[in-house]
Amino acid sequence: MGIAIEPPLNTASNPVMLSPTRRTFLASALAGAGSALLPRSAMALQVVDLQLILAIDCSYSVDQREYNLQVGAIGDALGQPEIRQAIGEGPSGSIALSLVQWSSEYSQIMALPWTLVTEGNAAAVGQRISKLPRMTADGATSMAAAVYTSMDYFNQSAYQSARRTIDISADGRNNNGPYMPQARDVATANGITINGLPILLEDPTLDYYFKHNVVGGPGSFVEKAIDYEDFRRAIRRKLLREIQFVPVALLDDPNGHYFR
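Residues numbered from 1 in each chain as written. Predicted model: local features only at pLDDT ≥ 70, side-chain atom pairs only at ≥ 80, totals over all residues. Heavy atoms only, no water.

**Details of the overall build of the protein**
A tally of helices and strands in the protein yields nine helices and seven strands. Residues classed as buried in the protein amount to 53% of the 260 residues present. Restricting the contact set of the protein to residue pairs at least 6 apart, pairs at least 24 apart contribute 81%. Carbon and sulfur atoms provide 55% of the accessible area of the protein, an area that totals close to 10,900 Å². (Helix = DSSP H or I, 4+ residues; strand = E, 2+ residues; numbered from the N terminus. Buried < 20%, exposed > 50% of the residue type's maximum accessible area, 1.4 Å probe, protein only. Contact = heavy atoms within 4.5 Å. Areas by Shrake-Rupley, 256 points an atom, 1.4 Å probe, with all protein chains shown as cover.)

Structure follows, in structure tokens:
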């Protein structure tokens, strides 16, 4: 089986790469280089163990039932005892969580604003997520635009953490907007980890694509789901692995248990 590497785009024949929106995303991302731990001014930022953006696929290929399965599974996972315990075991006993719905290059919405999550309120936050309506318009699949938008949301966060992670789920490959490996490289250069949850229902090799084109950064990994019914199991495993407190030094150690 060949390695699924996304081919580079020819910017001369793909003007979207040079669009004002893309230049804004890239300028915002590059402006944060060298300040991975402090995405905004340190004034009055609350320290948490992790800032986590759940970026869920709302493109044409995802029907309403499949959307409901995604948010329902995330909501259920946050109420699980092992995930609540993992949140409470970090040094600050809290994480900051946001949920982004995305489809095409110009369709990303922060459906859940940055929210402080503790062991005590995790189940309630999960219930809130499970009831979120689908807000973004249907469209093509632009994971890369979701990554750039998520980077901007980190810059707007009122929280500070040593770990910043984008948890991106999708049932298809990037087919719209900017080049996905470039978006990954810009994010990781700014100290952001991207983890992936590919849903293999329509593309049985999507996990290979994620591994080589989407995920990156210290401790990054792919947790695949066979279909949308399997998403519930996969998101629980994925969230537990992301939330469990791991010192940054261990994440950066290529010989360490958490290096992937």
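There's more to say after this.
**Observations concerning the pattern of salt bridges**
Going through the model one piece at a time under the given rule, you end up with twelve salt bridges. Note that R236 is salt-bridged to E82, the shortest N-O span being 3.1 Å. Taken together, the residues R236 in helix α8 (residues 231-243) and E82 in helix α3 (residues 81-89) connect sequence positions 154 residues apart. Residue R236 is classed as partly exposed on the basis of its relative accessible area, which comes to 28%. Two residues, R134 and D138, come together in a salt bridge whose shortest N-O distance is 3.3 Å. What makes D138 partly exposed here is its relative accessible area of 44%. Connected through salt bridges with shared partners, the residues E223, D230, R233 and R237 form a single ionic network. (Salt bridge = Lys/Arg side-chain N within 4 Å of Asp/Glu carboxyl O.)

**Some remarks on empty space enclosed by the protein**
Following the criterion strictly, the structure yields two cavities of 30 Å³ or more and no others. Approximately 40 Å³ is the volume attributed to the second largest cavity. Forming the walls of the second largest cavity are L54, A55, I56, I74, D167, S169, F231 and I235. Of all the secondary-structure elements, those providing two or more residues to the lining of the second largest cavity are β2 (51-57), β6 (164-170) and α8. Among the elements that make up the lining of the second largest cavity, the one with the highest residue count is β2 (three residues). Its residues placed into classes, the lining of the second largest cavity shows six nonpolar, one polar and one charged. (1 Å grid on protein atoms, 1.4 Å probe; cavity = no way out; pocket = protein on both sides within 12 Å on 5 of 7 lines; lining within 4 Å. Points joined across faces, edges and corners; volume = space filled by probe spheres on them. Nonpolar A, V, L, I, M, F, W, Y, C, P; charged D, E, K, R; others polar.)

**Quick notes on the packing of helix α2 (residues 64-78) against helix α4 (residues 122-130)**
Close contact between α2 and α4 brings their axes to 7 Å; oriented N to C, the two are set at 175°. Between α2 and α4, the angle falls in the class roughly antiparallel. Judged by residue contacts, V71, G72, I74, G75 and L78 of α2 engage A122, A123, V125, G126, I129 and S130 from α4. A per-class count over the contact of α2 with α4 returns seven nonpolar, four polar and no charged. (Axes fitted to C-alpha atoms, helices over the stretch in contact; angles between N-to-C directions. Parallel < 35°, antiparallel > 145°, perpendicular 65-115°, else oblique.)

**Here we look at α8**
Between its first and last C-alpha atoms α8 spans 18 Å; for 13 residues at 1.5 Å apiece the expected length is 18 Å, and the two agree. Buried-residue contacts for α8 involve β2, α2, α3, β3 (94-102), β6 and β7 (192-198). (Expected span 1.5 Å × (residues − 1).)

**Quick look at the confidence of the model for the protein**
Residues at a pLDDT of 70 or more form 78% of the protein, whose mean pLDDT is 85. Taken together, the stretch residues 10-39 has pLDDT below 50 and engages in 47 contacts with residues farther than four places along the chain or on a different chain. Every residue in residues 256-260 is under pLDDT 50, and counting partners more than four places away or in other chains gives nine contacts. (pLDDT = per-residue confidence, 0-100.)

**A look at the environment of R128**
Along the polypeptide, R128 turns up in helix α4. Residue class for R128 comes out partly exposed when judged on its relative accessible area of 44%. The sequence separation of R128 and G72 amounts to 56 residues, and the corresponding C-alpha distance is 9.8 Å.

**Digging into the pairing of β7**
The side chains of a regular strand alternate between both faces of the sheet. Of all seven residues that make up β7, seven are buried, and the element is covered over most of its length. Of the two faces of β7, both are covered, the one formed by I192, I194, G196 and P198 as well as the one formed by T193, N195 and L197. Note: β6 against β7, seven bridges, orientation parallel. Paired with D167 across the bridge in β7 is N195. Note on the crossover from β6 through helix α6 (residues 180-189) to β7: the handedness is right-handed. (Pairing = 2+ DSSP bridges. Right-handed = clockwise from strand over helix to strand, strands pointing away.)

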